[in-house]
There are 2 protein chains.
Amino acid sequence: MAEYKLTDGRIYAPAKKDPKVVEPGEYVIAAADLDHGHIYSMCEKLIAGGAVLKYVWDDKPEAIEAFVKRFPYVTVVDSVDRILEDPEVQLVCAAGIPNERADLCIRVMEAGKDYFVDKAPMTTLAQVDAVRETIKRTGRRMWCYYCERLNHEGSLLAGYMVEAGEIGDVIQVLGTGGHRYGANPRPEWFHIHEQYGGILGDIGSHQIEQFLYFTKNKDAKILSARVGNYSYPQYPEFEDFGDATLVGDNGALGYLRLDWHTPDGLRTWSDGRVYLLGTKGVIEVRKYEDLGRPDLPGNMVYFANEKGEYVIDANGVTGTPFFSEMILDALNRTENAMTQEHTLKAAELCLKAQEQAVHVQYDLMKK
Amino acid sequence: MAEYKLTDGRIYAPAKKDPKVVEPGEYVIAAADLDHGHIYSMCEKLIAGGAVLKYVWDDKPEAIEAFVKRFPYVTVVDSVDRILEDPEVQLVCAAGIPNERADLCIRVMEAGKDYFVDKAPMTTLAQVDAVRETIKRTGRRMWCYYCERLNHEGSLLAGYMVEAGEIGDVIQVLGTGGHRYGANPRPEWFHIHEQYGGILGDIGSHQIEQFLYFTKNKDAKILSARVGNYSYPQYPEFEDFGDATLVGDNGALGYLRLDWHTPDGLRTWSDGRVYLLGTKGVIEVRKYEDLGRPDLPGNMVYFANEKGEYVIDANGVTGTPFFSEMILDALNRTENAMTQEHTLKAAELCLKAQEQAVHVQYDLMKK
């Protein structure tokens, strides 16, 4: 991947090398709980970094069948215990039903292994505390697949640009994460509040992680939050809209909006954006597509600073170094990819937002 | 102006006729208080509709000089009383210091004339009540120059599209109104809270007016609001950031963000947007320019519905019918352009947001 040179000659994105950072056998992983499709890219990214995928486990035969099609060499085991018993396994990747992810985290850590989990890693603040305590007690690590930044070159480039001082200090992060519900029925747990954790607690975690990252905050306070169900009366516990405002310890501000209202005619699953308002400039990342512009891909970064306005196509520019860095952190017990506290704080704050949220009434239908 | 036909043949914008709706002398107006430059477009738009501009008054000679350059035929008077005394004058246009606009409104109405005022029309809720009472008592009318919609074809087209059911019910209006502070010093009143009314009370009025309009709400509740001064410590009472969340009586949601941080390199004064999230589609209006796209003008409307994604250049499509309709409302005492209650409610709600706003601390500078 080439480094990106802007028109004025400055370089924002470091040249990325081959993601492979370990030799075969140096880092052995396993997959357990395949409820969310993210498990595929989680494993693929680590395999690209040199990890060896040894085992898979799930209680749903059809999930195993699909997984083995993609990773034919993987050994299917009849219980997660087989994975936890094998001293060779260093990391367990999991994408189970959200409210079951923390329990598995604790079991994995008590078995002396690290844990890589799909977002959101927890659905209650008690689970956050329990995982924090377990990390402290066992010395093990948890990473979370906050893919809307970690697996997104446009968002990564925006981070490098902020780092380079391109827009001054970040005053506000405005993030929107629309999602398509889809024509096919979603699993039952997807609509049960206790299991999926609420819209802010679930997909809101991406947004809070980005807020903490772009504004360089270790902590923040939720100022307001709201959730509602505007189009799915058949699922009374489902929330198809949520938003929140927050302020970081350093005074930087956040607004995040989540919804399950991606229009049928949109060519991708989301018109997700992140808009950074800085003291000297702005950056907008049009994440997965450029609305109304089928000629353009996702990962387009639009920005203005003191000198002018620019557009950068971030595809192929930054790569996705998180996963290789995570492997090295696991082996060296460093925290270069992401600190444990950052990982947990994003999970904690989105659950606080969910807890504080007012439920907005909707009666447009009654007109 | 031609009507706009979308690719699928549907027509969103009605064909607009010549804005002139009255003959010379049928509608006579005057201008008083020239503190904000909006007074020029306010007068120009009404003149295009057929109004005759008879008088101008202001206590600043340089303001009068500039105004007369633009409208050489206008009669300069030495007191606003000359205007109020002349029975021929039907409407007074004013763009004074915000906290003085309501007093003039009451004087104008008690003199038996209507009033067209720059946004925001009031700076306190007491002023809103006083004007409401005066309208009731005198039977006179007040209109407000909410130009970010009324004088903006992209926003008007978005309204026609919502009216046509293009995106279903509007769930949320997300409006951002960045402004450039500018290199030249702003007048003193611009930085004194009592005089300009706070960032939400001032430029927030545009956003609330749009929220009420796009969501078809008569009233709304402010759920949260915040203001801050991030870059102008030399003006302790100035606010360069403000945002708020609100919910309308019908359950539709709003988020509005205002700031004075337009980057120096941006080619226009604002990257203002409005993004409508509907049950069946989305509409984004990139109001004054298209960030990073100097090849595109403002008034570009991007949207997606159940059928696909589209882009419409709204320039020349809708015209700006408000001003002609306002003249006809004045002559016929109808409320087609905008109801009095809508005009006042937008002013009231932005002041409620300002009153409720938490002041966010900013210490990024202290890093």
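Residues numbered from 1 in each chain as written. Chains lettered and ligands numbered in written order. Predicted model: local features only at pLDDT ≥ 70, side-chain atom pairs only at ≥ 80, totals over all residues. Heavy atoms only, no water.

1. As for helix α12 (residues 340-356) of chain A
Think of an α-helix as 3.6 residues a turn; residues three or four steps apart then line up on the same face.
Okay, so step 1: Its 17 residues place the ends of α12(A) 24 Å apart at the C-alpha level, agreeing with the 24 Å of an ideal helix rising 1.5 Å per residue.
Okay, so step 2: Across the 17 residues that make up α12(A), a large majority, 13, are buried. (Helix = DSSP H or I, 4+ residues; strand = E, 2+ residues; numbered from the N terminus. Expected span 1.5 Å × (residues − 1). Buried < 20%, exposed > 50% of the residue type's maximum accessible area, 1.4 Å probe, protein only.)

2. Structural notes on the relation of the copies chain A and chain B
Okay, so step 1: When chain A is fitted to chain B, the residual RMSD is 0.0 Å, and the transformation amounts to a turn of 180 degrees plus an axial shift of 0.0 Å. Taken together, these values place the two copies in the relation of a two-fold axis. Minimal C-alpha distance to the rotation axis in chain A is attained by A:Ser224, lying at 3.1 Å.
Okay, so step 2: Comparing interface residues between copies, 100% of those in chain A also lie at the interface in chain B; the contact surface is shared. (Least-squares fit on C-alpha atoms with pLDDT ≥ 70 in both. Contact = heavy atoms within 4.5 Å.)

3. Some words on helix α5 (residues 125-138) of chain A
Residues and elements named next belong to chain A.
Okay, so step 1: Between its terminal C-alpha atoms α5 stretches 20 Å, which fits the 20 Å expected from 14 residues at 1.5 Å a residue.
Okay, so step 2: Buried residues in α5 make contact with α4 (101-110), β8 (142-145) and α12.
Okay, so step 3: Gly139 sits one or two residues past α5 and shows a positive phi near 70 degrees.

4. Some words on the side chain of B:Gln172
Okay, so step 1: Assignment of secondary structure puts B:Gln172 in strand β9 (residues 170-178).
Okay, so step 2: Judged by its relative accessible area of 0%, B:Gln172 is buried.
Okay, so step 3: At 2.8 Å, the side chain of B:Gln172 and the side chain of A:Tyr255 are in polar contact.
Okay, so step 4: In contact with B:Gln172, other than residues within four places in its own chain, are A:Arg226, A:Phe241, A:Asp243, A:Tyr255, A:Arg257, B:Leu253, B:Gly254, B:Tyr255, B:Tyr275, B:Leu276 and B:Leu277. (Polar contact = N/O pair within 3.5 Å; in protein donor to acceptor, adjacent residues only side chain to side chain.)

5. Re empty space enclosed by the protein
Okay, so step 1: Inspection of the entire model under this criterion finds 7 cavities of 30 Å³ or more.
Okay, so step 2: The space that makes up the largest cavity amounts to roughly 190 Å³.
Okay, so step 3: As for the largest cavity, its lining consists of 14 residues, of which A:Leu174, A:Glu284, B:Leu174, B:Arg273 and B:Glu284 are closest to the centre.
Okay, so step 4: Secondary-structure elements contributing two or more residues to the lining of the largest cavity are β9 (170-178) and β13 (273-278) of chain A together with β9 and β13 (273-278) of chain B.
Okay, so step 5: Tallied by class, residues from the lining of the largest cavity come to 5 nonpolar, 2 polar and 7 charged.
Okay, so step 6: One number sums up the size of the second largest cavity: a volume of about 100 Å³.
Okay, so step 7: For the lining of the second largest cavity, the elements supplying multiple residues, two or more each, are β13 of chain A together with β9 and β12 (253-259) of chain B.
Okay, so step 8: No other element matches β9(B), which puts 3 residues into the lining of the second largest cavity.
Okay, so step 9: Looking at the lining of the second largest cavity residue by residue, the classes come out as 5 nonpolar, 6 polar and 3 charged. (1 Å grid on protein atoms, 1.4 Å probe; cavity = no way out; pocket = protein on both sides within 12 Å on 5 of 7 lines; lining within 4 Å. Points joined across faces, edges and corners; volume = space filled by probe spheres on them. Nonpolar A, V, L, I, M, F, W, Y, C, P; charged D, E, K, R; others polar.)

6. Quick notes on the packing of aromatic side chains
Residue and element names in this part refer to chain A.
Okay, so step 1: Tallied over the entire structure, the rule returns 45 aromatic pairs over all chains.
Okay, so step 2: Between Tyr40 and Phe67, the ring centres sit 5.5 Å apart and the planes meet at 50 degrees, which makes this aromatic pair tilted. With Tyr40 in helix α1 (residues 38-48) and Phe67 in helix α2 (residues 61-70), this residue pair connects regions lying 27 residues apart in the sequence.
Okay, so step 3: Residue classification places Phe67 among the buried residues on the basis of a relative accessible area of 0%. (Phe/Tyr/Trp six-rings, centres within 6.5 Å; stacked < 30°, edge-to-face > 60°.)

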